Structure formats: C-alpha cells, structure tokens
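Structural description and commentary
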Amino acid sequence: GESVGLHLPTLSVQEGDNSIINCAYSNSASDYFIWYKQESGKGPQFIIDIRSNMDKRQGQRVTVLLNKTVKHLSLQIAATQPGDSAVYFCAENNAGNMLTFGGGTRLMVKP
Amino acid sequence: NAGVTQTPKFQVLKTGQSMTLQCAQDMNHNSMYWYRQDPGMGLRLIYYSASEGTTDKGEVPNGYNVSRLNKREFSLRLESAAPSQTSVYFCASSEQTRSNQPQHFGDGTRLSIL
C-alpha cells in the first residue's frame, strides 16, 4: 500500500547548524502535508503545513519544501537549538482525507 | 487554553479488564480521532468522529469501541484488554475531516496490559 516514510531515523547536528529532515511519500493524490514535532512524553505538536499547490512555505526558523515531481517533503530548521531535540513526523492527507503518518526521525542537537 | 486533554495519563490493566480512555477538546472542533503509537511505528488511526453523532473505523479498530458523547468529548473503550493493546494512545481534533487543517493532539495515555 501507499505510505509516508522517512529516509533517516536519527539525525545529529551541532547547535547553531541548520537541520534538514526528509520525508518521501508515495500517494500522488495527497494534497496536504504536515510536519509535527514530538518531545519525550508529549503528544505530536503541529509545526508547519503545506498544500500541494505550493512548493515552499516558511515559518519561524522552519521551512517546508515540497517536490511533487519526486514526491519528497523536507523540513529545514535554521540555527538548530537544544530545544529542537525531538522526533519529527511528516504526515499526508491521503485520498480518504485521513492523515497517514511516517515513522519519525529523531533529531539530536549537540551543544 | 488547554487544547486536547486526555485522562488518565498512565494506566496498568490486567488481561481481560475493561477501561475507558477519556478525551476532551476546547477548540470547538467538529472532528475527533483516536490513534495508537507503538515503538518504531507511526501513529495508526483506531476510530474517528467526523462530527457529533457519527463515528467510523480507522486502520486498526478491532478490540476497541468509541463514543462521541458531545461535541467536546470522545471516549475510547477497551472491553477486554489484551497485551497487544499495550501502547500509547493519542486523541486529536480538527475543525473538519475533509479540509486541509491540522489535527491537534493531546499528550497521550500510556497503557500497559499485563
């Protein structure tokens, strides 16, 4: 079946560097994508979303890029901070209008 | 602004016991969802309620029942708990199901079944 997945299960970056977390999706009918951050012991927290009629969207220190040609989604975090350490999930709104979640990437920020 | 509130936060059950997980949202959202999260796996949808008075099965509904008590509250019931139901359960809500709006999550109920 079609699914959302992530290339890297763990990403370790130096504090102050930029982070890039990747996600591949396979459902060409998906028209909405979300990035969530999940800290230990907490629920997923909405970070940023993007609709399929866009290829880039920026928030505060975060940017999401969408490449529909290769079905790829990425989350860029600028000037990564210790508080950014968490698991990051991508999710797609599939043809049934339900969210399908990827398995998650753990971001570790080294001081 | 509490958002989505889940109770209890932790629970240990014996096989065969029953339990209801509670969820309430204060964002006036129409749609509510129950997910389970297991190690190494993404969130999987158990049941959802598109609007008050309706409920539908998700990806993994077996062994669960739900009740949409009113617009604010959506409960998940395990009638006869099994060890395979040991998991972290998350409730979420959104304005609608058929709109490109994010779901907002509670902090989860950690359930262990012995």
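The notes below deal with the structure included here.

Cut-off values and rules
- Residues numbered from 1 in each chain as written.
- Chains lettered and ligands numbered in written order.
- Predicted model: local features only at pLDDT ≥ 70, side-chain atom pairs only at ≥ 80, totals over all residues.
- Heavy atoms only, no water.
- Helix = DSSP H or I, 4+ residues; strand = E, 2+ residues; numbered from the N terminus.
- Rg over C-alpha atoms; globule rule 2.2 N^0.38 Å.
- Buried < 20%, exposed > 50% of the residue type's maximum accessible area, 1.4 Å probe, protein only.
- Contact = heavy atoms within 4.5 Å.
- Areas by Shrake-Rupley, 256 points an atom, 1.4 Å probe, with all protein chains shown as cover.
- Lys, Arg positive; Asp, Glu negative; His and termini not counted.
- Charge placed at Lys NZ, Arg CZ, Asp CG, Glu CD.
- Buried area = accessible area lost by both parts, 1.4 Å probe.
- Salt bridge = Lys/Arg side-chain N within 4 Å of Asp/Glu carboxyl O.
- Polar contact = N/O pair within 3.5 Å; in protein donor to acceptor, adjacent residues only side chain to side chain.
- Nonpolar A, V, L, I, M, F, W, Y, C, P; charged D, E, K, R; others polar.
- Pairing = 2+ DSSP bridges.
- Disulfide = S-S within 2.5 Å.

**Observations concerning the overall build of chain B**
When its secondary structure is counted, chain B shows zero helices and eleven strands. A globule of 114 residues ought to have a C-alpha radius of gyration of about 13 Å, and chain B, at 13 Å, matches this closely. Its C-alpha atoms give chain B principal-axis dimensions of about 40 × 30 × 25 Å. The burial tally for chain B puts 47% of its 114 residues in the buried class. Pairs at least 24 apart in sequence give 56% of the contacts found in chain B among residues at least 6 apart. Surface accessibility of chain B: about 5400 Å² in total, with carbon and sulfur atoms responsible for 46%. In chain B, the 11 positive side-chain charges and the 9 negative ones have mean positions that sit 5 Å from each other.

**Here we look at the interface of chain B and chain A**
Contacts between the two partners involve 19 residues from chain B, matched on the other side by 20 residues from chain A. Carbon and sulfur atoms make up 55% of the area that chain B and chain A hide from each other, which totals about 1600 Å². Between the two partners, chain B and chain A, sit one salt bridge. We note a salt bridge from Asp-107 of chain B to Lys-42 of chain A, for which the minimum N-O separation is 4.0 Å. The interface formed by chain B and chain A holds four residue pairs in polar contact (both at pLDDT 80 or more) in total. Listing elements by their share of the side of chain B that touches chain A, those giving two or more residues are strand S4 (31-37) and strand S5 (44-49) of chain B. Per element, the largest residue contribution to the side of chain B that touches chain A is three residues, and it comes from S4 of chain B. Across the side of chain B that touches chain A, the residue classes tally to eight nonpolar, eight polar and three charged.

**Considering the environment of Gly-42 of chain B**
Structurally, Gly-42 of chain B is set in the loop between S4 and S5. Using a relative accessible area of 13% as the deciding quantity, one classes Gly-42 of chain B as buried.

**Focus on the pairing of strand S3 (residues 19-25) of chain B**
Residue and element names in this part refer to chain B. The buried fraction of S3 is high, at five of seven residues. Bridge count for strand S1 (residues 4-7) against S3 is four bridges, and the pairing is antiparallel. Residue pairing in the sheet places Thr-5 in a bridge with Ala-24 of S3. The pairing of S3 with strand S8 (residues 74-78) spans three bridges and is classified as antiparallel. Looking at S8, one finds that Leu-21 is bridged to Leu-76.

**Focus: the side chain of Asn-27 of chain A**
Structurally, Asn-27 of chain A can be placed in the loop between strand S3 (19-25) and strand S4 (32-38). On the basis of relative accessible area, Asn-27 of chain A is assigned to the buried category, the value being 10%.

**Digging into the state of the cysteines**
Here is the idea: a disulfide is a covalent bond, and it sits between the sulfur atoms of two cysteines. Residue and element names in this part refer to chain B. Throughout the structure, instances matching the rule amount to two disulfides over all chains. Note on cysteine connectivity: Cys-23 is disulfide-linked to Cys-91, with sulfurs 1.9 Å apart. Between Cys-23 and Cys-91, the disulfide has an S-S torsion of -75° and is therefore left-handed. On the criterion of sequence distance, the pair formed by Cys-23 in strand S3 and Cys-91 in strand S9 (residues 87-94) is long-range, its members being 68 residues apart.

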